[in-house]
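# Geometric and topological summary
As a plain string of letters, each chain reads:
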Amino acid sequence: MKKLQLLGNITPAQFLRDYWHKKPLLIRQAIPGFKPLLSFAKLAELARQNYVESRLVTLRGGQWDMQHGPLTELPQRSEREWTMLVQGVNLHDQRADELLRQFRFVPDARLDDLMVSYASDGGGVGPHFDSYDVFLLQAQGKRRWRISAQQNLDLVEGLPLKILADFEAEEEFVLEPGDMLYLPPHYAHDGVAEGECMTYSIGFRSPSFQELGEAFLQFMADSIDLPGRYADPDLTLAKNPAEIPRDMLATVTEELNKVRWDEEDVTIFLGEYLSEPKHNVFFTGPAKPLTVGRFMETAAKKGLKLSSKTLMLYRGKSVFINGESFAVGRADKVVLDVLANERRIDGELLGSATDDVLEALYTWYQDGWVELG
Ligand code: SIN
Ligand code: CO
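Anyway, here's the lowdown on the structure attached to this text. (Residues numbered from 1 in each chain as written. Chains lettered and ligands numbered in written order. Predicted model: local features only at pLDDT ≥ 70, side-chain atom pairs only at ≥ 80, totals over all residues. Heavy atoms only, no water.)

### Some remarks on the site of ligand 1
Around ligand 1, the structure places Leu85, Ser117, Val125, His128, Asp130, Leu136, Arg143, Trp145, His189, Thr199 and Ser201. In this structure, an oxygen atom belonging to ligand 1 sits 3.4 Å away from a side-chain N or O atom of Arg143. The contact in question runs from an oxygen atom of ligand 1 to an N or O atom on the side chain of His189, over 3.2 Å. When ligand 1 sits alone it has 260 Å² of accessible area, and the protein chains cover 95% of it. Every element with two or more residues in the shell around ligand 1 is listed here: β6 (134–148) and β9 (188–204). (Near = heavy atom within 4 Å. Polar contact = N/O pair within 3.5 Å; in protein donor to acceptor, adjacent residues only side chain to side chain. Areas by Shrake-Rupley, 256 points an atom, 1.4 Å probe, with all protein chains shown as cover. Helix = DSSP H or I, 4+ residues; strand = E, 2+ residues; numbered from the N terminus.)

Pasting the structure below:
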């Protein structure tokens, strides 16, 4: 595989082998000449929306404070030591989406979102650690990062945000636009703006097993099949009426042990779970959708692409899109795998799709999941 400037001229395979989940990597000029993709005004406008997740972190008189969005009012930019953080910017900005997609050497199942932060001079979110891997790309101005492999991750109690009680920096770098710092999970860090700055965080998702287990049991609730009903033709006289009969317990245990799952169930669960859009994501279809005939003609010429908001995954014959799953035949699999991997498809290849898939594509177009062109 080709070396990537984005990774400091090592291959993605080398990066994964030597750094991913293991140790930090500072990459000077990962994206040479990088310019912010959206202005302060655009970012502040996103932070005002109730469908965008945002936070405002301030440090006033040595006191940390955090407010969740929508952020209708912001401090003056000339005021020191505040940060606005906007999550999921890739969902609302095409170029932010393209930036996030440069990190697809990590599978989509692990990629989360692009968070953009704006900090006034001296601003930051304090020394902390994250539970996820992150790439911190400096987009504008300078930020001084201090990082530490320290094992002591105790937090200051009673604060609205995670602040390490004893942070002792081991390394320190000032990042300029285009520079990028990769940090593995649980690596202590503190980034302080030197003058106004913007930092882009490419974040990953790693659901907890508890979260997966709870969601899996809900999924299984829809698919279990346990015919029959409890009966006790051999009931004997109870000595203690309030005591649950031993036989009843044994029968129910035996029945519940019939709940089984295999890799196929887990595949479908995981695909639906990971492709489910976040609760604040809304799709908007075209205001004046083309008729099915015109849609097919245009798609054959211009091709189709997935909306930035669409999550599409597959495994074997199962295809997952925005929380829905279905099984496809061999010919359709070729077409849909391309759409999922490339996030777009040429008109020519669409010619080999069956009517079922074309029909589904038209519905996805009406729903705003796929777009023409
Ligand atoms: C920031 O961009 O201000 C915070 C990013 C981080 O430390 O995770
Ligand atoms: Co962090």
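Text resumes after the structure shown.
### A short note on the coordination of the cobalt ion (ligand 2)
Every protein donor of the cobalt ion (ligand 2) is listed here as His128 (NE2), Asp130 (OD) and His189 (NE2), and their distances to the metal cover 2.0 to 2.1 Å. Taken in chain order, the donor set of the cobalt ion (ligand 2) reads H-x1-D-x58-H. Here His128, found in the loop between β5 (111–119) and β6, pairs with His189, found in strand β9; they are 61 residues apart in sequence, far enough to count as distant. By the burial criterion, His128 is buried, and His189 matches it. (Donors = N, O, S within 2.8 Å, 3.2 Å for Na, K, Ca; no water. Buried < 20%, exposed > 50% of the residue type's maximum accessible area, 1.4 Å probe, protein only.)

### Digging into the packing of aromatic side chains
According to the stated counting rule, one finds 26 aromatic pairs in the structure shown. Where Phe15 meets Tyr19, the ring centres are 6.1 Å apart and the plane angle is 15 degrees; that geometry is what we call stacked. The buried category is assigned to Phe15, whose relative accessible area is 0%. Sitting above the plane of the Phe40 ring, Arg77 keeps its charged end 4.3 Å from the centroid. (Phe/Tyr/Trp six-rings, centres within 6.5 Å; stacked < 30°, edge-to-face > 60°. Lys NZ or Arg CZ within 6 Å of the ring centre and 35° of its normal.)

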